[in-house]
Amino acid sequence: MIEKIDVRGLSCPLPVVEVRKRLLAVNEGMFEVLGDSGTAKDNLVRMATNIGWKVEYKDCGEEFILYISKERQTKEKI
Amino acid sequence: MWEKFLKSRKQIIFTGVFIGVFAALLQRWGNPPNMGICVACMLRDISGALGLHRVGVVQYLRPEIIGFVLGSLISALAYKEFKPRGGSAPIIRFILGFWAMVGALVFLGCPWRTLLRLAGGDANAFFGLAGLVVGIWIGVFFLKAGYNLGRYQRSSSFIGWIMPVIMVGILLLLIFKPHLPSGVVFFSIQGPGSQHAPIFLALLIAMVIGFLAQRTRFCTVAAVRDIIIIKDTYLFTGVMSLLLAALISNLILGQFNFGFQDQPIAHNNQLWNFGGMVLAGLAFTLAGGCPGRQLFLSGEGDADATIFVIGMIIGAGFAHNFDLTSSPNGPGRWGPAAVIIGLIICMIIGFSMSDQFRKKREA
């Protein structure tokens, strides 16, 4: 299941704080983050990558969607 | 791939180095000592030039401030990031700007000048830096507790142009220097306000800084905050580049003088060097960024950042009129009391705007 997070209208650093909290809580899965500022996009991509999540994004006019995903790691399977 | 779009460290390092080198050079070309750039001091000088305070030695319309906003505006327009927006608790942002300025003027410098004072050998700035870090750390405590000033709203382009238009107005006042019967516009004839680099040189350098900082999101407060909260050193790299570049430039230019005593535009009451910057650091963190960042945001259409900057300008007026600001002799008569009051107010804002404490109260 894809979880959606809407960070539109949130000033720095709230998008990063909010999304990071959600990512760390599950440590695997897929999130779709909707945002509207270049700063939030840059920061979210950097933050998610730093903690080992895969990030792809799509620009939609003045907004963007980030697809942040992480599969269960092999170690955890064992 | 998205990786192509990631800002590389090269850009943030270049931005930090550019600011550090040109801050030292601006001092060489006329700006006050260890004050090649100081966002708080320069806004305070503008406040004085407009007559919001009457301390004759700190009144000048600093073109650096104008350049920061206009450089950011140009960058935002060029890269389609000019997004007029506002409405995220503007009155709170005004109050935070006000108290951030009071704290900065008790220390005698914003986070930028804290670094530049260190780079000039002013050891008193270590206490200011320690205070800044503690203030940011307290702010992070609230952020982790769900501190939130609410979402901004996209708005008409008019709202985004307010700060750039104000800056053009200030530039016109600086160029034409009108003298009204009230005495404004005031320009210091002695003291730090009388020391300044050539107008258009300072304006041009500041515009380049504004452009670079808008692109890289350069922020001295977020540099520390991001390390504490998300273990990210990207912005910190830029801040360290600034410090090192300014230090090396000062050594080359003969502007480095290490010690606690007789440092320019500084005092050595360490308790209030520390305390002033705890207040400033907390207020900046609760507002989302350092004063430079607030100027760059106001240039890209953020009306909330504009309100914060106006809070700083008004705060400077109050701080001087009510004897809150420090001088080389130490804190003003009511400076320490003001820092304590400011800290209490910022803590109340932190607690009242954090989800965790809000839920507890509602339960």
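Heads up: the structure comes first, above all this text.
Just so it is clear, the structure is predicted and the values come from calculations on it, not from any experiment. (Residues numbered from 1 in each chain as written. Chains lettered and ligands numbered in written order. Predicted model: local features only at pLDDT ≥ 70, side-chain atom pairs only at ≥ 80, totals over all residues. Heavy atoms only, no water.)

Structural notes on unusual backbone geometry
Link 1 in the chain: In this structure, the amide linkage connecting Cys12(A) to the following residue, Pro13(A), adopts the cis form with an omega of 5°.
Link 2 in the chain: Checked against the element boundaries, Pro13(A) lands in the loop between strand S1 (2-6) and helix H1 (14-26).
Link 3 in the chain: The omega angle of the peptide bond from Val184(B) to Val185(B) is 0°, so this bond is cis rather than trans.
Link 4 in the chain: Position of Val185(B) among the secondary structure elements: in the loop between helix H7 (157-176) and helix H8 (199-216). (Helix = DSSP H or I, 4+ residues; strand = E, 2+ residues; numbered from the N terminus.)

Some details on the state of the cysteines
All names here are of chain B.
Link 1 in the chain: A complete count under the given rule lists one disulfide over all chains for this structure.
Link 2 in the chain: One disulfide bridge connects cysteine 38 with cysteine 41, the sulfur atoms lying 2.4 Å from each other. Between cysteine 38 and cysteine 41, the disulfide has an S-S torsion of 65° and is therefore right-handed. The same class applies to cysteine 38 as to cysteine 41, namely buried.
Link 3 in the chain: Its sulfur unpaired, cysteine 219 is 3.9 Å from the next cysteine sulfur, which belongs to cysteine 290.
Link 4 in the chain: By relative accessible area, cysteine 219 is classed as buried at 2%.
Link 5 in the chain: Accessibility expressed as a relative area gives 0% for cysteine 290, which makes it buried. (Disulfide = S-S within 2.5 Å. Buried < 20%, exposed > 50% of the residue type's maximum accessible area, 1.4 Å probe, protein only.)

Let's talk about the environment of Pro178(B)
All names here are of chain B.
Link 1 in the chain: Tracing the sequence through the fold places proline 178 in the loop between H7 and H8.
Link 2 in the chain: Here proline 178 falls in the partly exposed class, since its relative accessible area comes to 30%.
Link 3 in the chain: Sequence separation of proline 178 and glycine 56 is 122 residues, and the distance between their C-alpha atoms is 17 Å.
Link 4 in the chain: Setting aside residues up to four positions removed in sequence, proline 178 forms contacts with Leu173, Val184 and Val185. (Contact = heavy atoms within 4.5 Å.)

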